[in-house]
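Reading the structure
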Amino acid sequence: IRWIGNSFGQPPDDPEDFARWDRSRRDTVSDEAYPACDCATTKYLNCTPELCEINKFDDMMAHLSKVVPDLRQLVAVDQKFILFSRAWCVAELVEASMSEIPQNVEIYSNRPFRANDAEALFIYAKLAKLTVLDCKASRQEDKDAILARIPGIPRFDAQLQEIILGTHGLLCRKFVGFGLLDAAVRTARRSLEVAKSNTDENSSTE
């Protein structure tokens, strides 16, 4: 594997973000940093967004869905479900759904998550309250660019919830006995959205 130039971007200042950034650029077996491509071809990265290819995932996914037969998206979920807290990842999940790309999910454990399991409750609550506004990216500019391309955050969040926990969602069969909790969470989310909407309206009138 060879990465294109400094494709991981500049090291973040925040210690937690730096640790995640550093792990992502290393081989998980040898712990050696991946070698960078040393060819003479000009590399266009995030600092030149118009020419960069990295930031055009949505256009590429939409195009591939039309020209590649049987295209599918495989969602490999890490043990701590950090995948769903990364802005690029959730944006790609929603784009795959909008482009009608079939999605499959792989999780570290095949056992179902039950409502009487403390770990399962924590994971479920984390996913049920998920919003793209709280997701992270290695660069703030990347997150800002992703948010700028979303016409309506509440609608995007609702679609994201449906993709993950909906009737036919990626994880719908993993959570068993969460019916009552699901209703409570949905009510809480609606209340939060109304409160945010009222706050935005008040700010715009001031």
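Looking at the packing of helix α2 (residues 57–67) against helix α3 (residues 87–98)
Running from N to C, α2 and α3 point in directions that differ by 30 degrees, and their axes come no closer than 10 Å. By the angle class used here, α2 and α3 are roughly parallel. Crossing handedness for the pair α2 and α3: right-handed. Residues F57, D58, M61 and A62 of α2 lie in contact with α3, whose contacting residues are W88, A91, E92, E95 and A96.

Here we look at helix α5 (residues 140–148)
Considered for burial, the residues of α5 that qualify are D142, K143 and I146. Buried positions in α5, seen along its axis, are confined to an arc of 95 degrees and lie on one side of it. Packing partners of the buried residues in α5 comprise α3.

A closer look at the nonpolar core
By size, the foremost hydrophobic cluster in this structure holds 36 residues, and its most contacted members are F81, F84, L127, I164, L165, L171 and F175. Discounting residues that sit within four places of it in the chain, L127 has contacts with F81, F84, Q161, I164, L165, L171 and F175.

Looking at the confidence of the model for the chain
Confidence in the prediction of the chain, expressed as mean pLDDT, is 78, and 78% of residues score 70 or more. A low-confidence stretch, residues 1–5 stays under pLDDT 50, and its non-local contacts, those more than four residues away or across chains, total 16 contacts.

Some words on the pairing of strand β2 (residues 103–106)
As paired elements, strand β1 (residues 73–76) and β2 share four bridges and run parallel to each other. Residue pairing for β2: Q73 is matched across the bridge by Q103.

A word on unusual backbone geometry
A positive phi angle is found at D70, which is not glycine, with a value near 60 degrees. Topologically, D70 is positioned in the loop between α2 and β1. Residue classification places D70 among the exposed residues on the basis of a relative accessible area of 75%. In this structure, F81 takes a positive phi of about 60 degrees despite not being glycine. By the secondary structure assignment, F81 is in the loop between β1 and α3.

Notes on the packing of α3 against helix α6 (residues 153–165)
As a packed pair, α3 and α6 sit with axes 10 Å apart at the nearest point and diverge in direction by 80 degrees. As judged from the angle between their axes, α3 and α6 are roughly perpendicular. Residues V90, A91, L93, V94, S97 and M98 of α3 form the contact with α6, whose own contacting residues are F156, Q159, L160 and I163. The class makeup of the residues in the contact of α3 with α6 is eight nonpolar, two polar and no charged.

About the cut-offs
Residues numbered from 1 in each chain as written. Predicted model: local features only at pLDDT ≥ 70, side-chain atom pairs only at ≥ 80, totals over all residues. Heavy atoms only, no water. Axes fitted to C-alpha atoms, helices over the stretch in contact; angles between N-to-C directions. Helix = DSSP H or I, 4+ residues; strand = E, 2+ residues; numbered from the N terminus. Parallel < 35°, antiparallel > 145°, perpendicular 65-115°, else oblique. Left-handed = near helix turned anticlockwise from the far one by under 90°. Contact = heavy atoms within 4.5 Å. Buried < 20%, exposed > 50% of the residue type's maximum accessible area, 1.4 Å probe, protein only. Arc of directions from axis to C-beta. Core = buried A, V, L, I, M, F, W, Y, C linked by side-chain atoms within 4.5 Å. pLDDT = per-residue confidence, 0-100. Pairing = 2+ DSSP bridges. Nonpolar A, V, L, I, M, F, W, Y, C, P; charged D, E, K, R; others polar.

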